[in-house]
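The primary structure of each chain is shown beneath.
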There are 2 protein chains.
Amino acid sequence: MMLSEIGERRIIEELKKFLDIGDDAAYIRFGYKYLILTTDMIYQETHILKQMTWEQIGMLIVTVNLSDIAAMGAKPVAFLLGYGSPDISFDNFKTLIKAVKKQCERFDTKFVGGDTNQTEKLTLSGTLIGISEKPVLRSNARVGDIVAITGDLGSASLGTRILMKDGVNKKKLKNPVFKKALEPEPRVKEGLILSKYVNSMTDISDGLSISIRDIAESSNVGIEIELDKIPIDDRTFNLAIENGEDIMKHALYGEGDYELLFTINKKNFEIIRNILSVYKIGRVTKNKEIAGVDSKGVRFRIERGGYEHFKSKHQKEKA
Amino acid sequence: MMLSEIGERRIIEELKKFLDIGDDAAYIRFGYKYLILTTDMIYQETHILKQMTWEQIGMLIVTVNLSDIAAMGAKPVAFLLGYGSPDISFDNFKTLIKAVKKQCERFDTKFVGGDTNQTEKLTLSGTLIGISEKPVLRSNARVGDIVAITGDLGSASLGTRILMKDGVNKKKLKNPVFKKALEPEPRVKEGLILSKYVNSMTDISDGLSISIRDIAESSNVGIEIELDKIPIDDRTFNLAIENGEDIMKHALYGEGDYELLFTINKKNFEIIRNILSVYKIGRVTKNKEIAGVDSKGVRFRIERGGYEHFKSKHQKEKA
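Residues numbered from 1 in each chain as written. Chains lettered and ligands numbered in written order. Predicted model: local features only at pLDDT ≥ 70, side-chain atom pairs only at ≥ 80, totals over all residues. Heavy atoms only, no water.

*Asks:* Whenever I open this one, the packing of aromatic side chains confuses me. Can you help?
*Replies:* Within a pair of aromatic rings, the relevant descriptors are the distance that separates the centres and the angle that separates the planes. As enumerated under the stated definition, the model contains nine aromatic pairs over all chains in all. Pairing Y27 of chain B with Y34 of chain B gives two aromatic rings, centres 6.1 Å apart and planes at 65°, and the pair type is edge-to-face. Of the residues examined, Y27 of chain B reaches a relative accessible area of 35% and is grouped as partly exposed. Y34 of chain B sits in the partly exposed class, given a relative accessible area of 25%. An angle of 25° between the planes, with centres 6.0 Å apart, marks the rings of F90 of chain B and F93 of chain B as stacked. Remark: F93 of chain B and F90 of chain B occur in helix α5 (residues 90-106); sequence separation between them is three residues, near one turn of the helix. Residue classification places F93 of chain B among the buried positions, given a relative accessible area of 0%. For the cation-ring pair, K98 of chain B lies above F18 of chain A, with the distance from its terminal atom to the ring centre recorded as 5.0 Å. (Phe/Tyr/Trp six-rings, centres within 6.5 Å; stacked < 30°, edge-to-face > 60°. Buried < 20%, exposed > 50% of the residue type's maximum accessible area, 1.4 Å probe, protein only. Helix = DSSP H or I, 4+ residues; strand = E, 2+ residues; numbered from the N terminus. Lys NZ or Arg CZ within 6 Å of the ring centre and 35° of its normal.)

*Asks:* When you look at the relation of the copies chain A and chain B in this model, what are you seeing that I'm missing?
*Replies:* Between the two chain copies there is a screw-like relation: a rotation about an axis and a shift along it. Overlaying chain A with chain B gives an RMSD of 0.0 Å, the required rotation being 180° about an axis along which the chain moves by 0.0 Å. Both copies are brought into coincidence by an operation consistent with a two-fold rotation axis. Interface overlap between copies: 100% of the residues of chain A at the interface are likewise at the interface in chain B, consistent with a symmetric, same-surface contact. (Least-squares fit on C-alpha atoms with pLDDT ≥ 70 in both. Contact = heavy atoms within 4.5 Å.)

*Asks:* Got a minute to help me understand the sheet that holds strand β2 (residues 33-43) of chain A in this structure?
*Replies:* Sheet strands associate in pairs through backbone hydrogen bonding, adopting either a parallel or an antiparallel arrangement. Residues and elements named next belong to chain A. Judged by pairing direction, the sheet is mixed, and its five strands sit side by side in the order β1-β2-β5-β3-β4 without closing on themselves. At either end of the open sheet lies a strand with only one pairing partner, and these are β1 (26-30) and β4 (110-118). Pairs of neighbouring strands in the sheet enclose a mean axial angle of 20°, with direction left out of account. Bridging between β2 and strand β5 (residues 123-132) involves 10 bridges; their strand directions are antiparallel. Looking at β5, one finds that D40 is bridged to G126. Together, β2, β3 (75-85) and β5 form the strand contacts of helix α4 (residues 54-71), whose direction differs from that of β2 by roughly 140°. (Pairing = 2+ DSSP bridges. Axes fitted to C-alpha atoms, helices over the stretch in contact; angles between N-to-C directions.)

*Asks:* Would you take a moment to explain the interface of chain A and chain B for this structure?
*Replies:* Interfaces are frequently sized by the accessible area removed from exposure as the parts join. Between chain A and chain B, the residue contacts involve 63 residues of the former and 63 residues of the latter. Between chain A and chain B, the buried area comes to about 5700 Å², and carbon and sulfur atoms account for 68% of it. Counting the contacts that link chain A with chain B gives 19 residue pairs in polar contact (both at pLDDT 80 or more). When residues of the side of chain A that touches chain B are assigned to their parent elements, the largest contribution, nine residues, is made by β4 of chain A. Each residue belonging to the side of chain A that touches chain B can be placed in one class, and the counts come to 31 nonpolar, 19 polar and 13 charged. (Buried area = accessible area lost by both parts, 1.4 Å probe. Polar contact = N/O pair within 3.5 Å; in protein donor to acceptor, adjacent residues only side chain to side chain. Nonpolar A, V, L, I, M, F, W, Y, C, P; charged D, E, K, R; others polar.)

*Asks:* Help me out: how do you make sense of the sheet that holds strand β9 (residues 260-264) of chain B in this one?
*Replies:* Residue and element names in this part refer to chain B. Spatial strand order, β7-β9-β6-β10-β8-β11-β12: seven strands in an open sheet with mixed pairing. Across the chains shown, the open sheet's two edge strands, defined by having one partner strand only, are β7 (200-203) and β12 (299-301). Recorded for the sheet is a direction-independent mean angle of 25° between the axes of neighbouring strands. Relative to strand β11 (residues 290-293), strand β8 (residues 222-226) runs parallel, the two being bridged by four bridges. Considered in β11, the bridge of E224 is made with A291. Most of the contacts of helix α4 (residues 54-71) go to β7, to which it runs at about 175°, and overall it touches β7 and β9.

*Asks:* Help me understand the packing of helix α5 (residues 90-106) of chain A against helix α2 (residues 8-16) of chain B, please; the structure alone is not making it clear to me.
*Replies:* In a packed pair of helices, the relevant descriptors are the angle between the two axes and the axis-to-axis distance. Here α5 of chain A crosses α2 of chain B at 50°, and the two axes come no closer than 12 Å. Taken as axis vectors, α5 of chain A and α2 of chain B run oblique relative to one another. The two elements α5 of chain A and α2 of chain B cross, and the hand of that crossing is right-handed. Residues F90, F93 and I97 of chain A of α5 of chain A form the contact with α2 of chain B, whose own contacting residues are I11, E14 and L15 of chain B. Here the residues of the contact of α5 of chain A with α2 of chain B sort into five nonpolar, no polar and one charged. (Parallel < 35°, antiparallel > 145°, perpendicular 65-115°, else oblique. Left-handed = near helix turned anticlockwise from the far one by under 90°.)

*Asks:* Just checking my understanding: could you explain the pairing of strand β2 (residues 33-43) of chain B for this structure?
*Replies:* A regular strand carries its side chains on alternate faces of the sheet. Residue and element names in this part refer to chain B. With nine of its 11 residues buried, β2 lies for the most part within the structure. Of the strand pairs in this sheet, strand β1 (residues 26-30) and β2 are connected by five bridges, and their pairing is antiparallel. Directly across from A26, in β2, lies its bridge partner L37. Between β1 and β2, which follow one another and run antiparallel, lie two residues, and G31 among them has a positive phi close to 65°.

*Asks:* Would you mind going over the pattern of salt bridges with me for this structure?
*Replies:* Note that side chains of opposite charge can pair when their charged atoms are close. As enumerated under the stated definition, the model contains 50 salt bridges over all chains in all. We note a salt bridge from K121 of chain B to E120 of chain A, for which the minimum N-O separation is 2.5 Å. Highlighted residues: K121 of chain B in the loop between β4 (110-118) and β5 (123-132) and E120 of chain A in the loop between β4 and β5, drawn from two different chains. E120 of chain A gets classed as partly exposed once you look at its relative accessible area, which sits at 43%. (Salt bridge = Lys/Arg side-chain N within 4 Å of Asp/Glu carboxyl O.)

*Asks:* Can you walk me through the domain arrangement of chain A in this structure?
*Replies:* Residue and element names in this part refer to chain A. Domain annotation of chain A identifies domain 1 (3-132) and domain 2 (146-317). Summed over both sides, the interface of domain 1 with domain 2 buries roughly 2700 Å², with 59% coming from carbon and sulfur. Considering only the surface of domain 1 that becomes buried against domain 2, R9, L49 and Q51 emerge as the three largest contributors, covering 26% of it. Notably, a salt bridge pairs R106 with E185, separated by 2.6 Å at the nearest N-O pair. Across the domain 1-domain 2 interface, the total number found is six residue pairs in polar contact (both at pLDDT 80 or more). Only α1 (3-6), α2 (8-16), α3 (44-47), α4, β3 and α5 provide two or more residues apiece to the side of domain 1 that touches domain 2. By residue class, the composition of the side of domain 1 that touches domain 2 is 14 nonpolar, 10 polar and nine charged. (Domains from an automatic or database assignment.)

*Asks:* Any chance you could explain α4 of chain B here in plain terms?
*Replies:* Helical periodicity: at 3.6 residues per turn, an α-helix aligns residues three or four positions apart in one direction. All names here are of chain B. When the terminal C-alpha atoms of α4 are compared, their 26 Å separation across 18 residues agrees well with the 26 Å that a helix rising 1.5 Å per residue should span. In terms of residue burial, α4 counts as a mostly covered element, since 16 of its 18 residues are buried. Phi turns positive, to about 70°, at G73, one or two residues after α4. (Expected span 1.5 Å × (residues − 1).)

*Asks:* Looking at this structure, how should I read the side chain of T263 of chain A?
*Replies:* Residues and elements named next belong to chain A. Relative to the assigned elements, T263 resides in strand β9 (residues 260-264). Within the structure, T263 has its side chain in polar contact with the side chain of D145 (distance 2.8 Å). Among residues more than four places away in sequence, those in contact with T263 are A141, R142, D145, I146, V147, V198, N199, S200, I215 and V284.

Okay, here's the thing in structure tokens:
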């Protein structure tokens, strides 16, 4: 059986049989605290849009890792970069490295080192170490919890889709929707605040539908989403219409939004909504279904969807 | 200016101007201890011999990182794997992951997680987190120190050279010299013991000559090596003769030996030689030369040499 017949999620399921993995980041006790550890690789062909500048690529490798640390409600501390590329100019390389450093500094993280290699295609591997007094897991959602999210959805996925269709088109980039695809921001500050109030949390960079399922399955509960509560920015909505794209599909199954999905009890939600901009999109249910309810009250099953490596092209196109 | 015109070492020199890097691994204070952090990438085309099994590849990505932790005299704690490959069978993938886990366990390290990606060529990025009460740096060699090493040299580099010339030749692999090229072992236990006695330390996986220079330049001293003291195993010596290879060049400039090079005062060296198998190969001098002395007492300059990424093919061939 080849990896492509299995898909990333099932690979992880299989690995879980002999490895102790399965949250946004790993955690190990260290004295009276926890070290939070995560690594994420980005590869030219699958993760880097042609329109991205060297600066944006540098930011991205930090962001994807910061988002995993944020999802654990942890404070990022130190970053390491594994760098592989074909022969490029030293100026472009420095621009990338300086962007890595700047993005680290913006989130109070030390860029402590790395490794450089010659590879055929640009391949960046980032590792982030964070600390937490009590990491927030996916597995603690409780029946009756509110399901909420830190920002509007669908823009990164929609922006990516249009940029991929259009190749390099600088005029297009003026629409701020594209900025969410090219320069996503991790919710580090929000994750730290939320960590004191939420029961479970994950980032949704692989897609909302997958992340909902991750929380539901890890916590052994169901989740019901009210589709008309999913926050979608007007500019995103309009751009989708202009381009004949179904924005709801992007919001549910699209990847690249580095928002945090969390479950929280009602009392804490009232506290949090006064501190952060958060959106209630559903609730945790006792029955183990992952369901959506549309504006007319019609219930339907939310498919897994979302992006997975080692899946056939056809399945990727769904997102 | 392209990266290939600069070379990995000078890239690191340039990066040092705005990044705080430069030892085998980074270290950050964490309460009363130090976290030791390192990341190393291995890439099919440049690091993986055709004769390597999936199991050996899995061991190698852990070993290269363990060796950096060992060189800091630190205790390894947790390992993360960034995995990228073309579509391979799930069985081969599992063999590799299980070997990663096994190699971690052999050195009391927890394999805590990772990331899988689809890439054209096998690309593995490992990150190791260790702890230390006082990391051993390259920069503390003192004039008068003995320069010593934890094992015999040249075998990994010689073995690699012959295996690359011969393609896949299973009969050859019976000679144990090849095992050092295919299955190098990190000196974790030795590093931990040495940390209590040495003044400076580094691993020599990039070549002895580079490592000597790293210690000398970081410590602002010179080093004199007695060539006939460099330990070379008889089997390595004989294999070199059979293959018309200059074993001294492999020992001085070849990469892939995961031994530790350290400087230590005479008193501590006497203690250490009763605990570990170590070899005195030279001494730290006040004048800032990196010199060799041959058996006839003739002095000569030891060139930089060793392996660097982003260098022209010609320069690599020197090793």
